[in-house]
Amino acid sequence: PASAHAPAPPLAALHAALEGAGGTRAAAAAAAAPAFGGEALRMSYTLRSAGGRGGGTAAELAEFQARWRRGEPVVVGSLDREFQLPWGPHGFLERFGAEQVNMIDCRDGKSVHWLTLAHFFAGYTKPWTRAKCPDTFRRMMLKLKDWPPNTDFRDKMPEYFDDLMEALPFPQYTHRDGVLNLARHFPPDCVPPDLGPKMYNGFGQKHAWRGMDPAVAKGGHTNLHCDVSDAVNVMVDVYEGDDGDDSEDETDEASLADAELGSLSCQHGAIWDIYRWQDTEAILQLLHAVARERDVEITSNPIHDQLFYLDDTLRKRLRDQYKVRGWRFVQRRGDAVFIPAGCPHQVRNLSSCVKVALDFVSPENAHRCVHLTDEFAKLPRGHHLSEDKLQVKTMLLHTMKHLTEALMPRRQPAEAE
């Protein structure tokens, strides 16, 4: 496999990926719908701890690229065997416990800015210690996202950055200097986009909820949305002790049964729903219909505004009325989930979790990044996505500049004169 740290991308590899992104796009669109189901997404990967050299085998890279060209997510497991450092709460508490952080209470979506990281991790394993909302006096279901917010992860926690990078699959794509990560070509004299890594920590709840009523007990979750770039999300820690559900909330056994995943009572991690890029319009039609029925105001795009979490009722309606299915699976400790750019997805924590995610730009999905950048630019001024944070067009310009220089025959000094 290609090295993640080659001084210049091999033209053959980059050309093959670019050709695959364009040449097979029409064929992929015309192909039959893929097999949906979480296990269908999982693929084998030779870990360093199992004798791998890093980057997987050539066959594993080829399989990943075949799936990636079809626009399908990929799950690689057992990365926790690669970690050399403890990714649980104790290591972060010792160093950053006193740091004040901005969190979100998933019960009502409101910002919580008066607590520290120590408050969060205390409730991570002990639900009865969780801080109470000053308005409702109910224990908050906190989520800490995009941490650290204004600092490079590598600068704040260099040893954890190195540990993560050593464990990540397919470094050709996921490393900052990976040969198939187009972000490596961003000009050094410009401010680069912040592609992470970032931590996404949240409390969990096994019992499902229905509806959007703020009074309904919701667990840690992220509503349906899509990202402007490719991403990989790694579950680095899961609390697998006693059920972390808030005892103040009345629940029933039926809410522990999932039609696709079975009983959730003994499962730990986070439930993902990922949909194909080409199903976005059908999903939008459903969300607009639901908004009209529930008198929810939509000012722009309900996916970009992250207005909805598709519960079992809405997912069934999406399947029955719009013939759209997604991949639904549980992300467990050590699982790395690769999400193609533009694919709508949502996440619900079953347990308290620590996840780390980073973005990259692959040749296969660069066209989607451009499409979404143009789409985001049309959002209302002040929208959190309207700013071109990825700067993908600048990235592609310099990628093409590199390709042109590499393809042009080098002139001899005598010819230059």
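Residues numbered from 1 in each chain as written. Predicted model: local features only at pLDDT ≥ 70, side-chain atom pairs only at ≥ 80, totals over all residues. Heavy atoms only, no water.

S.K.: Just to check I follow, could you spell out the environment of Leu314 for this structure?
M.R.: Summarising the element assignment, Leu314 is placed in helix α11 (residues 312-322). A relative accessible area of 2% places Leu314 in the buried class. Those residues in contact with Leu314 that lie beyond four places of it in its chain are Leu286, Val290, Arg294 and Tyr309. (Helix = DSSP H or I, 4+ residues; strand = E, 2+ residues; numbered from the N terminus. Buried < 20%, exposed > 50% of the residue type's maximum accessible area, 1.4 Å probe, protein only. Contact = heavy atoms within 4.5 Å.)

S.K.: Any chance you could explain the pairing of strand β7 (residues 230-238) here in plain terms?
M.R.: Strand residues, when the strand is regular, have side chains that alternate between the two faces of the sheet. Judged by how many residues are buried, β7 sits mostly within the fold: nine of nine residues are covered. By the bridge criterion, eight bridges tie β7 to strand β14 (residues 353-360) in an arrangement that is antiparallel. Bridge pairing links Asp237 to Val354 in β14. Pairing between β7 and strand β12 (residues 336-339): four bridges, direction antiparallel. Residue pairing across strands places Val234 opposite Ala336, the latter belonging to β12. (Pairing = 2+ DSSP bridges.)

S.K.: Explain unusual backbone geometry here, please?
M.R.: For the bond from Trp147 to Pro148, the omega torsion is 0°, close enough to zero to count as cis. In this structure, Pro148 sits in the loop between β4 (142-147) and α7 (153-156). Cis geometry marks the peptide bond from Gly196 to Pro197, where omega comes out at 10°. Mapped onto the elements of the fold, Pro197 is located in the loop between α9 (171-174) and β5 (198-202). In this model, Phe137 sits at a positive phi of 60°, which is unusual for a non-glycine residue. Residue placement: Phe137 occurs in the loop between α6 (117-125) and β4. Judged by relative accessible area, Phe137 falls into the exposed class, the value being 59%. Non-glycine residue Asp295 carries a positive phi angle of around 55°. With respect to the secondary-structure elements, Asp295 resides in the loop between α10 (280-294) and α11.

S.K.: Would you take a moment to explain the sheet that holds strand β6 (residues 221-225) for this structure?
M.R.: Backbone-to-backbone hydrogen bonds pair the strands of a sheet. The strands run either parallel or antiparallel. Reading across the sheet, the four strands line up as β6-β13-β10-β11 and stay open at both edges, with antiparallel pairing between neighbours. The sheet is open, and its two edges are formed by β6 and β11 (327-331), each paired on a single side. Between one strand and the next, the sheet's axes are offset by a mean angle of 15°, whatever the strand orientation. Sheet analysis places β6 next to strand β13 (residues 345-349), joined by three bridges and oriented antiparallel. When the bridges of β13 are listed, Thr222 appears paired with Val347. (Axes fitted to C-alpha atoms, helices over the stretch in contact; angles between N-to-C directions.)

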